[in-house]
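# Descriptive structure summary
If you want the building blocks of each chain, they are given just below.
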Amino acid sequence: MAYSFLTKKAAAGTALAATAALVFTGCGSSTGEDTLRIGIKYDQPGLGYQDGREYTGFDTEVARYVANELGYAEDQIEWVESPSSNRENMLSNGQVDMIFATYSISETRLKTVDFAGPYFVAGQDLLVQEGNTDVTGPESLGGKDLCSVTGSTSAKKIQDKYTSTVQLVQQNSYSDCVVALNAGMVDAVTTDDIILAGLASTKANKGELKVVGNTFTTERYGVGLPKGSDKCPAINAAINKMVETGVWEEALAKSVGDSGFKYNTELNPPKLTDACATVEKK
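Everything in this summary refers to the structure shown in the same document. (Residues numbered from 1 in each chain as written. Predicted model: local features only at pLDDT ≥ 70, side-chain atom pairs only at ≥ 80, totals over all residues. Heavy atoms only, no water.)

## Some words on the overall build of the protein
Worth spelling out the cut-off: A helix here means a DSSP run of H or I that spans at least four residues, while a strand means a run of E at least two residues long, and both kinds are numbered starting from the N terminus. By the convention used here, residues are in contact when the closest approach between their heavy atoms is within 4.5 Å. In this description, accessible areas are obtained by the Shrake-Rupley approach with a 1.4 Å probe, and a residue is regarded as covered only by the protein chains that are shown.
When you go through the protein residue by residue, the secondary structure sums to eight helices and 13 strands. Intrachain contacts of the protein at a sequence separation of at least 6 include 72% that bridge at least 24 residues. Surface accessibility of the protein: about 13,100 Å² in total, with carbon and sulfur atoms responsible for 47%.

Here's what the structure looks like:
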């Protein structure tokens, strides 16, 4: 997948690409080839999704752009599935060079890995049927059935902080939650807004579901890197360039635009410095 916009920006990006390529020398795969191993989700429509030999979604679009700015062509990317529970170990063990997988920057994670970015700031929200006017935010869920994934803290957060009478329904995946939502078995699904938008953007759900658009947390999606990495400046420069050239906006629209998703413009798109990401103090 070639990016035509790079042709127009080649002159401006030559110095950055050359520097970044030197920075990333030695990031090859176990076969010794000049390959960049990028961890993504394989099961999140609109963000990181494997469909046969195709890898789609906003995470993959940002990853491709960053890789290109670092001097790696599409055929030099090795996509690696990176489940949430394995991400820190995969970086620490050298199984991947970087991770783009709705990977929230947190104080706990920063003890073992580094983050460039963030490249998107998400927030917990609610997904409902298109015609639902009763659910407008977490406070309106009293007595209603709310679905989230087993082990997730998202639904419990609503129960603890907003309304104790919400009925929690747990499923093995957000896709299972969406099936329950479409069937009228639950009133809403909760997780990060852009993840919900990705689910609502699929062909089966387009026009059937909507994101409420009332976020009540902040989740900063960063590029996971091995601890002690010196790659943050080059990655952040690539993300800034993606934003400045309008490609960031195009990638978001391409990936989740069919859901009608409207991101938080006060937080997005992020403006980055050269430094690695840290935890924001409230």
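Okay, back to it.
## A closer look at the pairing of strand E10 (residues 167–171)
Let me state the cut-off plainly: Strands are labelled as partners when DSSP assigns at least two bridges between them. A clockwise course of the path from the first strand over the helix to the second, judged with the strands pointing away from the viewer, identifies a crossover as right-handed.
For strand E9 (residues 145–149) and E10, the ladder comprises five bridges, and the chain directions are parallel. Looking across to E10, one finds that valine 149 is bridged to glutamine 171. Handedness of the E9-helix H4 (residues 154–161)-E10 crossover: right-handed.

## Here's the deal with the packing of aromatic side chains
The line we're drawing: The aromatic pairing rule takes the rings of Phe, Tyr and Trp, using the six-membered ring of Trp, and pairs them if the centres are within 6.5 Å, calling planes under 30 degrees apart stacked, those over 60 edge-to-face and the rest tilted. Summary of the burial criterion: residues with accessible area below 20% of their type's maximum are buried, those above 50% are exposed, and those between are partly exposed, where the area comes from a 1.4 Å probe applied to protein chains only.
Here the structure, examined in full by the defined rule, presents eleven aromatic pairs. For the ring pair tyrosine 55 and tryptophan 79, a centre distance of 5.8 Å and an interplane angle of 35 degrees mean the geometry is tilted. Here tryptophan 79 lies in strand E5 (residues 77–81) and tyrosine 55 lies in strand E4 (residues 54–56), a separation of 24 residues in the sequence. The residues tyrosine 55 and tryptophan 79 share a single accessibility class, namely buried.

## A short note on the pairing of strand E1 (residues 36–40)
Burial within E1 is extensive, with five of its five residues counted as buried. Taking every second residue as pointing to the same face, both faces of E1 are buried, with Leu36, Ile38 and Ile40 on one and Arg37 and Gly39 on the other. Pairing of E1 with E5 involves five bridges; the strand directions are parallel. By the bridge assignment, isoleucine 38 is partnered in E5 with tryptophan 79.

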